[in-house]
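# Architecture at a glance
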Amino acid sequence: MKPFMNPVMWVFLLFSPHLLAQKPVSFGISPWTTPQLLQAWAKPVEEALEKQTGVAYQISSSANLQKFLLAAVDGQFEVLQAPIHLGLYLMRHHQFKGVMFSRAKLKLILVTRKELSIDHLAQLKGTLMAVSGPVAIATLVVKEAISNKLFEAQLAPERNHWQAMEALHKKRTHSAVVVDYLYGRLSQPLKSRLKVLYEFPVVLDGLVLTPANSSADAQANIRNGLKDFKPHKSSLLKGFEVITQQELNEWYEVMNAYVASVHRHMEQKYFSKRVVISP
């Protein structure tokens with residue numbers, strides 16, 4: 001793995017010899033965990049694309065989800081993989097083109113430490129709960145649950161799911177909301193000190209997207225590269241499927257409130273503050 005390219009974006013360059021002479025396609029991966037874990041789960045996707053297309057891919061990410069969205073809108077990725085709510089946001093508000101569904105079937109779980117003897121959601125009142133940033137689906141789902149009076153807790157934002165879990169392990173918080181995939185990959189000694197208090201009903205997939213100016217040929221190339229993807233046993237992503245309008249509409253119905261929340265945050269914090277200079 002190469003060193004970080006700059007303070008904002010780190011890049012993995014995983015070229016095979018026959019691809020070195022070509023300019024790689026920039027492939028953005030949302031930063032839901034550590035760079036090392038991102039590399040591990042993204043590598044099979046990269047290998048599938050390179051094998052089927054004969055084109056080199058450069059896997060990139062950003063320091064957090066907000067910067068990842070800004071990089072995407074600024075055109076730093078020729079193709080990207082995003083959680084479903086962020087993919088829908090980019091399609092609705094920045095005219096990105098959906099290329100394929102990425103199947104993960106993730107669940108969000110609320111985890112606490114066994115030593116705390118927290119056995120019921122009502123016992124979370126007055127405690128700290130680690131989540132993963134203002135536009136992360138975990139944060140948005142938890143805020144909705146608090147608004148619906150499912151439980152009460154004070155949120156402690158972390159950069160990603162891994163750091164949210166780390167905050168719980170290091171006793172900075174009393175609970176954490178993370179994807180079940182991360183929890184399932186913990187070592188047995190670590191997992192033995194935790195317990196799952198609640199599983200949220202939402203089931204999560206992702207989207208592979210390209211910017212608004214991408215060509216139909218570029219999108220077809222990506223579809224061809226991913227259609228026969230074979231996941232590793234421990235892969236986060238289990239496969240890719242062509243987008244249908246019916247399923248896309250169903251996802252919008254489920255995710256509309258979260259997409260709107262992301263849009264409000266990004267407009268208020270970033271896009272509304274950009275200075276436009278007239279020619």
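Our structure is the block above this text.
Here is a short report on the structure shown in this document. (Residues numbered from 1 in each chain as written. Predicted model: local features only at pLDDT ≥ 70, side-chain atom pairs only at ≥ 80, totals over all residues. Heavy atoms only, no water.)

The next point concerns the overall build of the protein. If you tally the helices and strands in the protein, you get nine helices and 10 strands. Each of the 279 residues in the protein was classed as buried or not, and the buried ones make up 52%. Long-range contacts, defined here as pairs at least 24 residues apart, represent 79% of the contacts in the protein between residues at least 6 apart. About 13600 Å² of surface is accessible on the protein, with carbon and sulfur atoms providing 53% of the total. (Helix = DSSP H or I, 4+ residues; strand = E, 2+ residues; numbered from the N terminus. Buried < 20%, exposed > 50% of the residue type's maximum accessible area, 1.4 Å probe, protein only. Contact = heavy atoms within 4.5 Å. Areas by Shrake-Rupley, 256 points an atom, 1.4 Å probe, with all protein chains shown as cover.)

A separate point is the packing of helix α2 (residues 65–73) against helix α3 (residues 84–94). Axis separation between α2 and α3 bottoms out at 12 Å; the angle between their running directions is 40°. In this view, α2 runs oblique relative to α3, as classed from their interaxial angle. For the crossing formed where α2 meets α3, the hand is right-handed. Taken together, the residues of α3 that come into contact with α2 (itself represented by L65, L69, A72 and V73) are L86, Y89, L90 and H94. (Axes fitted to C-alpha atoms, helices over the stretch in contact; angles between N-to-C directions. Parallel < 35°, antiparallel > 145°, perpendicular 65-115°, else oblique. Left-handed = near helix turned anticlockwise from the far one by under 90°.)

Our focus in this paragraph is the pairing of strand β3 (residues 57–60). In this structure, strand β2 (residues 25–29) lies alongside β3, joined through four bridges in parallel fashion. What sits directly across from S26, in β3, is Q58. (Pairing = 2+ DSSP bridges.)

The backbone of K105 shows a phi angle near 50°, a positive value even though the residue is not glycine. Among the structural elements, K105 can be located in strand β5 (residues 97–113). In this model, S117 sits at a positive phi of 55°, which is unusual for a non-glycine residue. Here S117 shows up in the loop between β5 and β6 (128–131).

Membership of the largest hydrophobic core comes to 89 residues, with the highest contact counts inside it found for L80, L88, L108, L110, F151, F200 and M255. Among the elements that line this core, the one with the most residues is β5, at nine residues. Those residues in contact with F200, other than ones at most four positions away along the chain, are K107, L108, I109, L110, V141, V142, A145, F151 and V177. (Core = buried A, V, L, I, M, F, W, Y, C linked by side-chain atoms within 4.5 Å.)

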